[in-house]
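Structure at a glance
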Amino acid sequence: MVVLLVNGSPNKNGHTARALKTVEDELHVHGVDAAWFQIGTKMVRGCIGCNKCEEACRCAFTDDKCNDMIDAIAQADAVVIGSPVYFAGPNGALCALLDRVFYAACAHKRLFRGKPAAALTTCWRAGGVAAIDRLNKYFLYSEMPIVSSKYWNMNFMDNDSFGTDVLRQLAGNMTEMLKK
Ligand SMILES: Cc1cc2nc3c(=O)[nH]c(=O)nc-3n(C[C@H](O)[C@H](O)[C@H](O)COP(=O)(O)O)c2cc1C
């Protein structure tokens, strides 16, 4: 079993990557593999509502990572999407990508239906919960069961031992759901 870890930060090795690594380490403890998807720093287009994705579940724009992300999520058994908090929401570039990924994959054909999913955020001080709520909307729309932990999956940048514990619990709960 493979859980896809999407780093929605432009920083490949930043706080969001570290939070996702915590999830990865705990998944390994439970015998579950992980794969990574970095959104990176290149330009990302927004959805233009052309509906050309209707037939093939693919975005008509092929000059960014949208279709690669559709394939990566489709191939994984579950997905965890992490984002830094920007102005009390997820990273705008990540949302631009996810609007197209989830619209192309799930508006017409429900490609991700039934795949367990979770969102996590990292922040300096505040806005983590609002950002998680926004990310969860992609899963709710796509009929994906949201895996919970014992608190919100938000992490502060430094010395957040409770936040780390929450992410470990998330990985444990994800494993349990995958094995059921
Ligand atoms: C444009 C921008 C907006 C931000 N807005 C917030 C915010 O609203 N609340 C907060 O606590 N931190 C905010 N931060 C801090 C980041 O969320 C925090 O540093 C995050 O952990 C960075 O993750 P990364 O290292 O994976 O990129 C902001 C940072 C940037 C660059």
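That block above? That's the structure.
Residues numbered from 1 in each chain as written. Predicted model: local features only at pLDDT ≥ 70, side-chain atom pairs only at ≥ 80, totals over all residues. Heavy atoms only, no water.

Comments concerning a nonpolar patch on the surface
Just so we agree on the cut-off: Patches were defined on residues exceeding 30% relative accessible area and lacking a salt bridge, with like-charge contacts within 9 Å and nonpolar side-chain contacts (Val, Leu, Ile, Met, Phe, Trp, Tyr) within 5 Å. Reported accessibility uses the Shrake-Rupley method at a 1.4 Å probe radius. Residues are deemed covered only where the shown protein chains occlude them. Salt bridges are defined as contacts in which a side-chain nitrogen from Lys or Arg sits within 4 Å of a carboxyl oxygen from Asp or Glu. Starting at the N terminus, helices and strands are each numbered in turn, a helix being any DSSP run of H or I of at least four residues and a strand any DSSP run of E of at least two.
Taken together, V129, Y151, W152 and F162 make up a surface patch of nonpolar side chains, about 410 Å² in accessible area. With respect to the helices and strands, V129 occurs in helix α4 (residues 128–141).

Quick word on the packing of helix α1 (residues 15–29) against helix α5 (residues 161–179)
The test is simple: Here an axis means a line fitted to C-alpha atoms, over the contact stretch when the element is a helix, while the angle between two N-to-C directions is reported on a 0 to 180 degree scale. Just so you know how the angles are binned, under 35 degrees is roughly parallel, over 145 roughly antiparallel, 65 to 115 roughly perpendicular, and the rest oblique. By definition, turning the near helix anticlockwise from the far helix through less than a right angle yields a left-handed crossing, and turning it clockwise yields a right-handed one. Contacts are residue-level and defined by heavy atoms, with any inter-residue pair within 4.5 Å sufficient. As a working rule, the residues Ala, Val, Leu, Ile, Met, Phe, Trp, Tyr, Cys and Pro are called nonpolar, Asp, Glu, Lys and Arg charged, and the rest polar, with Gly in that last group.
Packing of α1 against α5 leaves a shortest axis separation of 8 Å and a crossing angle of 45 degrees. With respect to α5, the axis of α1 lies oblique. Handedness of the α1/α5 crossing: right-handed. Side by side, α1 and α5 meet where A19, T22, V23, E26 and L27 of the first sit next to T164, L167, R168, L170, A171, G172, M174 and T175 of the second. Here the contact of α1 with α5 is built from residues that sort into seven nonpolar, four polar and two charged.

Observations concerning the nonpolar core
The cut-off we apply is this: Note on terminology: a nonpolar core comprises buried Ala, Val, Leu, Ile, Met, Phe, Trp, Tyr and Cys residues joined through side-chain atoms within 4.5 Å. Type-normalised accessible area, obtained with a 1.4 Å probe on protein chains alone, sets the label of each residue: buried when under 20%, exposed when over 50%, and partly exposed for intermediate values.
Ranked by internal contacts, the top residues of the largest apolar core, which has 32 residues, are M69, V79, I81, F102 and F112. Elements supplying a minimum of two residues to this core: β1 (2–7), α2 (66–75), β3 (78–86), α3 (92–106), β5 (117–123) and α4. For this core, the leading source of residues is α3, giving nine residues. Contacts of V79, omitting those with residues within four sequence positions, involve V3, L4, V6, I73, P116, A117, A118, F139, M144 and M174. Core analysis: the next-biggest nonpolar cluster, separate from the first, contains 17 residues, L5, L20, V80 and A118 among them.

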